[in-house]
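The chain contents come next:
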Amino acid sequence: MRRILVVGSSGAGKSTLAGELARRLDLPLIHLDRHYWRPGWTAPEPADFRAEVASLAARPAWVMDGNYAGTLDLRLPRADALVLCDPSRILCLTRVLRRRWAGRAVADPRADLPDGCPERIDLDLLRHVWRYPRDSRPRVLAAVAAYAPTIPVHRLRHARDVARLPDHLT
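Residues numbered from 1 in each chain as written. Predicted model: local features only at pLDDT ≥ 70, side-chain atom pairs only at ≥ 80, totals over all residues. Heavy atoms only, no water.

Overview of the environment of A61
In this structure, A61 sits in the loop between α3 (46–57) and β3 (62–65). Owing to a relative accessible area of 7%, A61 belongs among the buried residues under this scheme. Between the C-alpha atoms of A61 and G8, which are 53 residues apart in sequence, the distance is 21 Å. Those residues in contact with A61, other than ones at most four positions away along the chain, are R2, R3, L27 and P28. (Helix = DSSP H or I, 4+ residues; strand = E, 2+ residues; numbered from the N terminus. Buried < 20%, exposed > 50% of the residue type's maximum accessible area, 1.4 Å probe, protein only. Contact = heavy atoms within 4.5 Å.)

A word on the pairing of β3
Neither face of β3 is open: one carries W62 and M64, the other V63 and D65, and all of them are buried. The pairing of strand β1 (residues 3–8) with β3 spans four bridges and is parallel. Bridging from a neighbouring strand, I4 pairs with V63 of β3. With three bridges connecting them, strand β2 (residues 29–31) and β3 associate as parallel partners. (Pairing = 2+ DSSP bridges.)

Here's the deal with the packing of aromatic side chains
Taken as a whole and assessed by the stated rule, the structure comprises five aromatic pairs. Considering the side-chain rings of Y36 and W37, the 4.8 Å spacing of their centres and the 90 degrees angle between planes classify their relative orientation as edge-to-face. The exposure classification of Y36 matches that of W37, with both residues buried. A ring pair is formed by W37 and W41, whose centres lie 5.2 Å apart and whose planes are at 75 degrees; its orientation type is edge-to-face. Each member of the pair W37 and W41 is classed as buried. A network of ring pairs unites the aromatic residues Y36, W37, W41, F49 and Y68 as a single cluster. Over the ring of W130 we find R89; its NZ or CZ atom is 4.4 Å from the centre of that ring. (Phe/Tyr/Trp six-rings, centres within 6.5 Å; stacked < 30°, edge-to-face > 60°. Lys NZ or Arg CZ within 6 Å of the ring centre and 35° of its normal.)

Some thoughts on empty space enclosed by the protein
As enumerated under the stated definition, the model contains one cavity of 30 Å³ or more in all. There is about 40 Å³ of room inside the largest cavity. Around the largest cavity, the lining residues are S9, A12, C85, D86, P87, R89, C92, V129, Y132 and P133. Contributing elements (two or more residues each) for the lining of the largest cavity: α5 (89–103) and α6 (123–147). Ranked by the residues each element gives to the lining of the largest cavity, the list is headed by α6, at three residues. (1 Å grid on protein atoms, 1.4 Å probe; cavity = no way out; pocket = protein on both sides within 12 Å on 5 of 7 lines; lining within 4 Å. Points joined across faces, edges and corners; volume = space filled by probe spheres on them.)

Below you can see the structure in the form of C-alpha cells.
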C-alpha cells in the first residue's frame, strides 16, 4: 500500500489515524484541510482546489485525510485503499466538543489545520457531524462504486477495527 485515503465525519479520528498510518508505513502525510482552508477559514476557488488535489493525488505515495466529496473522483482512482472512519455520531460529536474544549488553552493550532484557522465549533459543524451517516457516507460509497469499484474499503466502526487496520494494510 503506497496511497491510502482516510475519510469520515469530523470527530471520527481521521487525522489521528492518518498520522499514525503515515508514521507506521513511512509514507508522506497529507491533511487536505491544510490545503483547502485559507486564513480566517476562507475557502479557495473550487477549480484551484481541484488542481491542487490532482497534483497531491498524483504523488507516488501518501496517506491523505479529508472528505471533500467534490474531489473523490481525483483521489479514489489513485488510492490503493480507502479507510472509512465510521464511529457513532454520538462519539463523533463528543470528540468534536472535547477537542474544542481541550484546545481552548493551547497556543499551537492542530497539525491538520492551516495557520490562521483556529479550532471552532458552530451549528453547521454539529449538523454536519449528525447528518454524516445519512448524507455524506452514502456519497462516499457511491463515489467508490463509480470511480474505484475494486478498491479495498476498510470501514472502522469500533476501536478494535482501528487496532486491526495496520495488519490489513501491510
